[in-house]
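Survey of secondary and tertiary structure
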Amino acid sequence: MACRTSDSESNLLHKIYTSDPIAYKNYVNKTVIITTQDFNVYTGIVYTVDPVSESFVLLQPRENAKEIQMKIVVGSSIKNIECSSDADTVLLPELFVAPEMYNFTQEEIIKRKELITKILLDNRFPVTEEEGILCIEDTVKIEPPYQPENCICFNSIILNRIQTLLARNSI
């Protein structure tokens, strides 16, 4: 027996179940003009679209071309979206990139690991080493090159304490 939804049932569904995510994906990397309910007009390159709230993140390059302004247009305020040109696909810069890796030699990494181990033991943290990764009671792991951002912990309070300790004693 086939399952059907009536028109009244589909009106009760959230937009995420009725809108097409591929249509949103087609806007990414394209220059668009968005008109809102209050007749404001925003032009920019679509960085991403939130399929749940239907909000658009637009990048608007400045005149000097080195700065980019980011604008979020909330989905509930959007009245009309039009692509200014399909051929106007733009390569977007990476906005949220990880910091560059440190260029430590193997000797410096070993020295840093020994120093971090000493600091943790001096502060009464029971630290052990497993395959080059420092571990504190199966709660915190510190990966090479043993910087504060290399700490992994699911407890944000403990993570903050360890990162603060490492940052205070950085070499």
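For every chain, the first residue of the written sequence is number 1, and numbering continues from 1 along that sequence. This being a predicted model, a pLDDT of at least 70 is required before a residue's local features are given, and a value of 80 or more before pairs of side-chain atoms are given or counted; all residues contribute to the totals for chains, interfaces and linings. Side-chain measures here rest on the full set of heavy atoms in the structure, leaving out hydrogens and waters.

Some words on helix α4 (residues 106–122)
- Comment: elements are numbered from the N terminus, with helices defined as DSSP H or I runs of at least four residues and strands as E runs of at least two. Expected helix span is given by 1.5 Å per residue-to-residue step, counting one fewer step than there are residues. Over its 17 residues, α4 extends 24 Å from the first C-alpha to the last, a length consistent with the 24 Å expected when each residue adds 1.5 Å.
- Working definition: with a 1.4 Å probe on protein chains only, accessible area under 20% of the residue-type maximum means buried, over 50% means exposed, and in between means partly exposed. Among all positions in α4, only Ile109, Arg112, Lys113, Ile116, Ile119 and Leu120 are buried. Along the axis of α4, the buried positions cluster into a sector of 130°, meaning they face one direction only. Turned more than 90 degrees away from the buried face of α4, the exposed residues are Glu107, Lys111, Glu114 and Asp122.
- Packed against the buried residues of α4 are β6 (127–130), β7 (133–136), β8 (140–142) and α5 (156–168).
- Of the residues flanking the end of α4, it is Arg124, one or two places downstream, whose phi is positive at about 65°. By definition, the arc is the one covered by directions from the helix axis to the C-beta atoms. In this description, contact between two residues means that some pair of their heavy atoms is separated by no more than 4.5 Å.

Quick word on the sheet that holds strand β4 (residues 68–73)
- Spatial ordering of the open sheet is given by β4-β3-β2-β1-β5, a layout of 5 strands whose pairing is antiparallel. Looking along the sheet, the strands with just one partner apiece sit at the ends: β4 and β5 (78–83). Strand-to-strand twist in this sheet, taken as the mean axis angle between neighbours without regard to direction, amounts to 45°.
- By the bridge criterion, 6 bridges tie strand β3 (residues 55–61) to β4 in an arrangement that is antiparallel. Bridge pairing links Gln60 to Gln69 in β4. In this scheme, strands are said to pair when DSSP sees at least two bridges between them. Lines fitted to the C-alpha atoms define the axes, with helices restricted to the stretch that makes contact. Angles between their N-to-C directions range from 0 to 180 degrees.

Observations concerning the sheet that holds β8
- Taken in spatial order, the 4 strands make up an open sheet running β6-β7-β8-β9, and their pairing is antiparallel. Each having just a single partner strand, β6 and β9 (151–152) make up the two edges of the open sheet.
- Alignment of β6 against β7, held across 4 bridges, turns out to be antiparallel. Paired with Glu129 across the strands is Leu134, a residue of β7.

Here we look at a nonpolar patch on the surface
- Patches here: salt-bridge-free residues with over 30% relative accessible area, like charges joined within 9 Å, nonpolar side chains (Val, Leu, Ile, Met, Phe, Trp, Tyr) joined within 5 Å. Each accessible area is a Shrake-Rupley result for a 1.4 Å probe, and residues are judged covered by the shown protein chains and nothing else. When a carboxyl oxygen of Asp or Glu lies within 4 Å of a side-chain nitrogen of Lys or Arg, that pair is called a salt bridge. Residues Leu13, Ile16, Tyr17 and Val52 make up a contiguous nonpolar surface patch of about 390 Å² in total accessible area.
- Note that Leu13 resides in the loop between α1 (7–12) and α2 (15–18).

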